[in-house]
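Listed here are the chains, written in short residue letters.
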Amino acid sequence: MSSDIILKVENVGKQYRLGLVGTGTISHDLNRWWKKTLGKEDPYLKVGESNNRSEKGISDYVWAIKNINFEVKRGEVLGIIGKNGAGKSTLLKILSRVTGPSVGEIKTKGRIASLLEVGTGFHPEMTGRENIYLNGAILGMTKAEINSKIDEIIEFSGCLRYVDTPVKRYSSGMKVRLAFAVAAHLEPDILVVDEVLAVGDAEFQKKAIGKMQDISNSDGRTVLFVSHNMAAVKSLCTRCVVLENGKSVFEGETDAAVDFYLNNSGSNSSTYTGSIQFNKDEIGNQQVALVEVKSFDNNERVRSTFFNNEDISISIKVNVKESIKNSRFALIMETLNGEKVFVSASNEITKGDITKGLYTFSVVIPKNLLNNIEYNVFVSGAIPGKNYFFKPYKCFSVKIEDSKSKGYNFNEKWHGTVHPQLKWSLKT
Amino acid sequence: MKTTEEHWLYVISSNKKLIDFNFKEIWRYKDLLFLFVKRDIITLYKQTVLGPLWYLIQPLFTSLIFTLIFNNLADIPTGDGVPNFLFNLAGITSWNYFKECLVGTSDTFKKNENIFGKVYFPRVIMPMSVVVSNLLKYGIQLVVFVGFYIYYVSFTDKAFNVFPTFSIITLPVLIFLMALLGLGLGMIISSMTTKYRDLTFLIQFGVQLLMYGSAVMYPMSYFKGKLPNYYWLIEWNPIAIIIESFRTMALGIGDLDMYKLLYTSIVSLIIFLIGLVIFNKTEKSFIDTI
């Protein structure tokens, strides 16, 4: 079904030169120009390294993105995810024609409108209404189009009272609302959106995501969406591309892509260890230091993957260096998206004095409580209202699998952060 | 494999064609052009007391000073029966339009970095809008010129030798040439300053120097008589030709040479086309180097 493909990215790469632009740059430019005049290839396109920000490189040239290939079908919402500096914005800039690629081609069958930032070109001295026209036109609407939508836009922004007041009198939230309202009423074939949803209050964010969903669902428009908000990506996108250091490392279903991204984006990729040891006083203060945290099953075997019908035990070993009172140690579970699942604390057993020495807390997460997803395990220790021994520290991740998937051939996904087994009954 | 060649609306690629103009696209963005013009006009004098009066004050005072310095002090003759003030006003009005077009477009990329870095639209819309909004300013100043013209002719006897010539009907062509030249030079300069900023320093005093070389405050014939060895500098300066032509049209002094005007048209067109090509080449990647 090649006719369905609305956008095709072929072998796109973008090279940047590091350092300052100065007299040294002109010699490179002249060299490049000379080679070009002779009909040769650009000599500097051959050099260059992949873009790993934290390592020192040899070459002055880096490839912000390289060898990017993907296709987008009409009506699809493609998510582009990746860490900072992975090349997302560069890719979007090329897609929205703000800058050209160094190599490769992008072919499109539709008009692309980009929303790399809301409120581009807003002039503070002009009124809201005037800015709607100007901003709309910058984004590619004609005056007639804006005329037909102006009431809708004002209504959506919720700034009716201020619409004839200069924008410089607006609160920053109002500016964003007005700007997003204009952008949301664009009708391009392909809409490129970069993290614009991370603004405005909760109500407005909800409205914005809803509008985005409308755009893709009911209007059948193609959307390219870049965000760090995995919840938004999951609720909007049908497919995702994961970028890492300028290269496309994964392409596929949203859930799989988000999992891939999250699993590979931790500071160390092997977070599924089931146990973690700390050097002396690495985590902690002069009162208490963390020694070891483990997750294990009923047979005392250290594991990182559990079935949902198994108890999960977590042990927290601490070194108490001076006697403490009224302390509290806590186990915190989060989803990989950073949503808190629960906090469980040791209040009852740590009210009294604890003298110097090594202690091990054990806490059991009962079976049939967690959902079939992955969780990050945090521990913290403190004297409530006074000070922390150690702030919530991410120890490792655990993965829960559906025990039924062993017998049956499917692994059923449930919504929500937990999936407790509750008692159901049926009466007539 | 597909047998039919797929139809793509457009292709974004690394290849830079020399002339790659999508006039259809520019036409589609015409509303944007006028909204930019509107923005420029309504925001320029916001929160000023005199507002658009500033459009008038600047040329009037400059003409006054010029008259004082160049005519009364330095004794540059403007011709018999031609009031000095009117002569200067004519020169300054035309020069201003060219200057505003040149200066206004010469920092297109730098000034609009924020917008250009976020949204695509045909970049050439931006300098075009500058030229159009300056046209309005020019129109107002022209009205003032006509006002003084009528005053001098009807209410004083100083302007006994002032007659507009029939060639005044070609004034729109003259304005078009000024716009073309200013826009072309501005686009060249703005493109060349994206990477190396050196030219921005040149433009600041370059424009000032150019004014002295453009027959703004003296008639070309006077220059020829005084400094015949350097006359070629002025003789082939397209701006000087335009300004001299304007004075011929409006005041009936100086010589309007159709060949020179033709020469100016060709030069303006060439500069404009060069500007367009360079601008077009720059707009694709300037955001990386600015």
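Residues numbered from 1 in each chain as written. Chains lettered and ligands numbered in written order. Predicted model: local features only at pLDDT ≥ 70, side-chain atom pairs only at ≥ 80, totals over all residues. Heavy atoms only, no water.

Draft legend 1. Structural context of the confidence of the model for chain B. Residues of chain B with pLDDT of at least 70 account for 95%, and the chain-wide mean is 84. This complex was scored by the predictor with a pTM of 0.72 and an ipTM of 0.81. (pLDDT = per-residue confidence, 0-100.)

Draft legend 2. Region of the structure containing the nonpolar core. Ranked by size, the top nonpolar core spans 158 residues in total, and within it A:L7, A:I132, A:F225, B:F121, B:F145, B:F246 and B:L251 carry the most contacts. Of the residues forming this core, the biggest block, twelve residues, is contributed by helix α8 (residues 171-192) of chain B. When sequence neighbours within four positions are dropped, the list of residues in contact with A:L7 reads A:F70, A:E71, A:V72, A:L95, A:I106, A:K107, A:T108, A:I112, A:I190 and A:L224. (Core = buried A, V, L, I, M, F, W, Y, C linked by side-chain atoms within 4.5 Å. Buried < 20%, exposed > 50% of the residue type's maximum accessible area, 1.4 Å probe, protein only. Helix = DSSP H or I, 4+ residues; strand = E, 2+ residues; numbered from the N terminus. Contact = heavy atoms within 4.5 Å.)

Draft legend 3. Representation of the sheet that holds strand β12 (residues 288-296) of chain A within the structure. All names here are of chain A. Spatial strand order, β11-β12-β14-β17: four strands in an open sheet with antiparallel pairing. Looking at the sheet topology across the chains shown, the edges are occupied by β11 (275-277) and β17 (357-365). For this sheet, the mean inter-axis angle between neighbouring strands, taken without regard to orientation, is 20 degrees. Inspection of the sheet shows strand β14 (residues 312-320) paired to β17 by nine bridges, in the antiparallel sense. Across the sheet, the residue bridging to K317 is T360, located in β17. (Pairing = 2+ DSSP bridges. Axes fitted to C-alpha atoms, helices over the stretch in contact; angles between N-to-C directions.)

Draft legend 4. The pattern of salt bridges, seen in detail. All names here are of chain A. Scanning the model with the defined rule gives 17 salt bridges over all chains in all. One salt bridge in this structure joins K8 and E10, with 3.9 Å as the shortest N-O distance. In this structure, the salt-bridge partner of D297 is R301, at a minimum N-O distance of 3.7 Å. A cluster of three or more residues bridged by salt bridges with shared partners is formed by K8, E10, E71 and K107. (Salt bridge = Lys/Arg side-chain N within 4 Å of Asp/Glu carboxyl O.)

Draft legend 5. A look at the packing of aromatic side chains. Overall, the coordinates contain 20 aromatic pairs over all chains when judged by the stated rule. Geometry around B:Y120 places A:R97 over its ring, the cationic atom sitting 3.9 Å from the centre. The ring of B:W27 carries the charged tip of B:K30 above its face, separated from the ring centre by 4.8 Å. (Phe/Tyr/Trp six-rings, centres within 6.5 Å; stacked < 30°, edge-to-face > 60°. Lys NZ or Arg CZ within 6 Å of the ring centre and 35° of its normal.)

Draft legend 6. Broad picture of the interface of chain B and chain A. Opposite the 41 residues of chain B that make contact, chain A presents 52 residues. Summed over both partners, the interface of chain B with chain A buries about 4000 Å², with 59% contributed by carbon and sulfur atoms. On the chain B side of the interface with chain A, the three residues burying the most area are B:W8, B:I12 and B:K118, jointly 18% of the side's total. The interface formed by chain B and chain A contains one salt bridge. Among the salt bridges present, the one from B:E25 reaches A:R97, with a minimum N-O distance of 2.7 Å. Our count for the chain B to chain A interface comes out at two residue pairs in polar contact (both at pLDDT 80 or more). (Buried area = accessible area lost by both parts, 1.4 Å probe. Polar contact = N/O pair within 3.5 Å; in protein donor to acceptor, adjacent residues only side chain to side chain.)

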